[in-house]
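Residue-level listing of the chains:
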Amino acid sequence: MLQAGFTSVLQSRTRDEFQSEVVGFARRLGFETVAATLVVDHFLGDAEFIAVDNTPDAYRDAFEKPENWRQDPVAQHCKRQSVPIIWDQDTYVRSGQGGRWEEQARFGYRNGIALALHMPEGRHFILGVDRDQPVPPDPGELTRVVADLQLFAVHAQEAALRILTPSPVNAAAPSMTPRELEALRWTMEGKTAWEVGALLGISERTAVLHVNNAMHKLGCVNKHQAVLKALRLGLIG
């Protein structure tokens, strides 16, 4: 696993630094191009797309067209699901978009992996990596690649929210109870709910309740995002 990339992306301070981390991670994973896109749904308007990528200049106009996003089968999968999609030419042919694949294939977009993280308040983070060659044929290696991409996405979305989102969207630190913060600290150390309960002298069920309350207050959908956000807000350390 590419552990250094998981943590270093959190240290990005600017859009350029974030792009460098994302592109570098994708290339270490074996993919030439990458797009990290933050999507913000607006109540009275279209969604806002903020992309950081290394799309070839010759393909950029087509890549950024909203109608292409609405018709692309990979984008539509990510819009509706959190399960990663491993795509190739057949993915486009099955959805009647074989011509679209032919067009993008000229620029290196022949095979890839994409996934989405769906967060509260109408925010979404989509991460996709692409290349000319097929994805690894060995099931074990492919599983590792997908797992690395998923873990990197959890870290990258924290940096993306901080760097790319206008400040009004970034909420202030919520009020947390001491037990909620303790539960998050031990979760950060890799402890299970049973272990957290034993350390705090409470039941496993109560430990789960504290972590779930912390997730809700932080506006996160899983405990890993909650830990990262709590770290960013200075609530735990």
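Values in this document were obtained by computation on a predicted structure and should not be read as measured data. (Residues numbered from 1 in each chain as written. Predicted model: local features only at pLDDT ≥ 70, side-chain atom pairs only at ≥ 80, totals over all residues. Heavy atoms only, no water.)

(A) Region of the structure containing the overall build of the protein chain. Broken down by element type, the protein chain carries 12 helices and five strands. Computed over the C-alpha atoms, the radius of gyration of the protein chain is 19 Å, within 12% of the 18 Å expected from 2.2 N^0.38 for a compact globule of 237 residues. Considering only C-alpha atoms, the protein chain reaches an extent of 60 × 45 × 30 Å along its principal axes. Expressed as a percentage of the 237 residues in the protein chain, the buried residues total 45%. A fraction of 59% describes how many contacts in the protein chain between residues 6 or more apart in sequence connect residues 24 or more apart. (Helix = DSSP H or I, 4+ residues; strand = E, 2+ residues; numbered from the N terminus. Rg over C-alpha atoms; globule rule 2.2 N^0.38 Å. Buried < 20%, exposed > 50% of the residue type's maximum accessible area, 1.4 Å probe, protein only. Contact = heavy atoms within 4.5 Å.)

(B) Expanded view of the packing of aromatic side chains. Evaluation of the coordinates by the stated rule reveals six aromatic pairs. Their ring planes at 40° and their centres at 5.1 Å tell us that Y59 and Y109 sit as a pair that is tilted. Of this pair, Y59 sits in the loop between β2 (48-53) and α3 (60-64) while Y109 sits in the loop between α7 (98-105) and β4 (111-119), and the two are 50 residues apart along the sequence. The exposure class assigned to Y109 is buried, which follows from its relative accessible area of 6%. (Phe/Tyr/Trp six-rings, centres within 6.5 Å; stacked < 30°, edge-to-face > 60°.)

(C) Local environment of the nonpolar core. The biggest cluster of nonpolar side chains holds 37 residues, and the ones touching the most others in it are F18, L38, I113, F125, L127, F152 and L164. Element by element, the count of residues in this core is highest for helix α8 (residues 139-164), at 13 residues. If near-sequence neighbours (up to four positions away) are discounted, L127 is found in contact with V22, V34, A35, A36, I113, A114, L115, L149, F152 and A153. In terms of nonpolar packing, the next biggest core, distinct from the first, is built from 17 residues, M176, A183, L200 and M215 among them. (Core = buried A, V, L, I, M, F, W, Y, C linked by side-chain atoms within 4.5 Å.)

(D) View of the environment of Q157. Tracing the backbone through its elements, the reader meets Q157 in helix α8. On a C-alpha basis, the gap between Q157 and L10 in space is 9.1 Å, while along the polypeptide they are 147 residues apart. Ignoring sequence-local partners within four residues, the contact set of Q157 consists of L117, M119, F125 and Q225. At a separation of 3.4 Å, a polar atom in the side chain of Q157 contacts the main-chain carbonyl oxygen of V154. (Polar contact = N/O pair within 3.5 Å; in protein donor to acceptor, adjacent residues only side chain to side chain.)

(E) Layout of helix α9 (residues 178-188). Where α9 is concerned, the buried positions are E180, L181, A183, L184 and T187. Buried residues in α9, looked at end-on, bunch into an arc of 160°, giving them a common side. If you follow the buried residues of α9, they end up packed against α10 (193-200), α11 (204-218) and α12 (223-232). One or two residues past the end of α9 sits G190, with phi positive at roughly 90°. (Arc of directions from axis to C-beta.)

(F) Representation of the layout of surface pockets. In this model, the largest pocket occupies a volume close to 420 Å³. In terms of lining residues, the largest pocket is bounded by 15 residues, among which V39, A47, F49, R70 and K79 are the most central. Put simply, the parts of the chain that give the lining of the largest pocket at least two residues each are α4 (66-71), α5 (73-80) and β5 (123-131). Per element, the largest residue contribution to the lining of the largest pocket is four residues, and it comes from α5. Split by residue class, the lining of the largest pocket holds eight nonpolar, three polar and four charged. (1 Å grid on protein atoms, 1.4 Å probe; cavity = no way out; pocket = protein on both sides within 12 Å on 5 of 7 lines; lining within 4 Å. Points joined across faces, edges and corners; volume = space filled by probe spheres on them. Nonpolar A, V, L, I, M, F, W, Y, C, P; charged D, E, K, R; others polar.)

(G) Quick look at the confidence of the model for the protein chain. For the protein chain, the mean per-residue pLDDT works out to 88, and 93% of the residues sit at or above 70. Taking the mean pLDDT of every element in the protein chain, the minimum, 69, falls on helix α1 (residues 3-8) and the maximum, 98, on strand β3 (residues 85-87). (pLDDT = per-residue confidence, 0-100.)

(H) Summary view of the pattern of salt bridges. Summed over the entire model, instances satisfying the criterion amount to eight salt bridges. Notably, a salt bridge pairs R60 with D53, separated by 2.8 Å at the nearest N-O pair. With relative accessibility at 22%, the residue R60 sits in the partly exposed group. Given the relative accessible area of 8%, D53 is considered buried. (Salt bridge = Lys/Arg side-chain N within 4 Å of Asp/Glu carboxyl O.)

(I) Empty space enclosed by the protein, seen in detail. Taken as a whole and assessed by the stated rule, the structure comprises two cavities of 30 Å³ or more. Around the largest cavity sit 26 residues that line it, and F63, W69, D72, V74 and D130 are the ones nearest its centre. Mapped by element, the contributors of at least two residues to the lining of the largest cavity are β1 (33-40), α3, α4, α5, α7, β4 and β5. It is β5 that provides the largest number of residues to the lining of the largest cavity, a total of five residues. For the lining of the largest cavity, the per-class residue count stands at 17 nonpolar, six polar and three charged.

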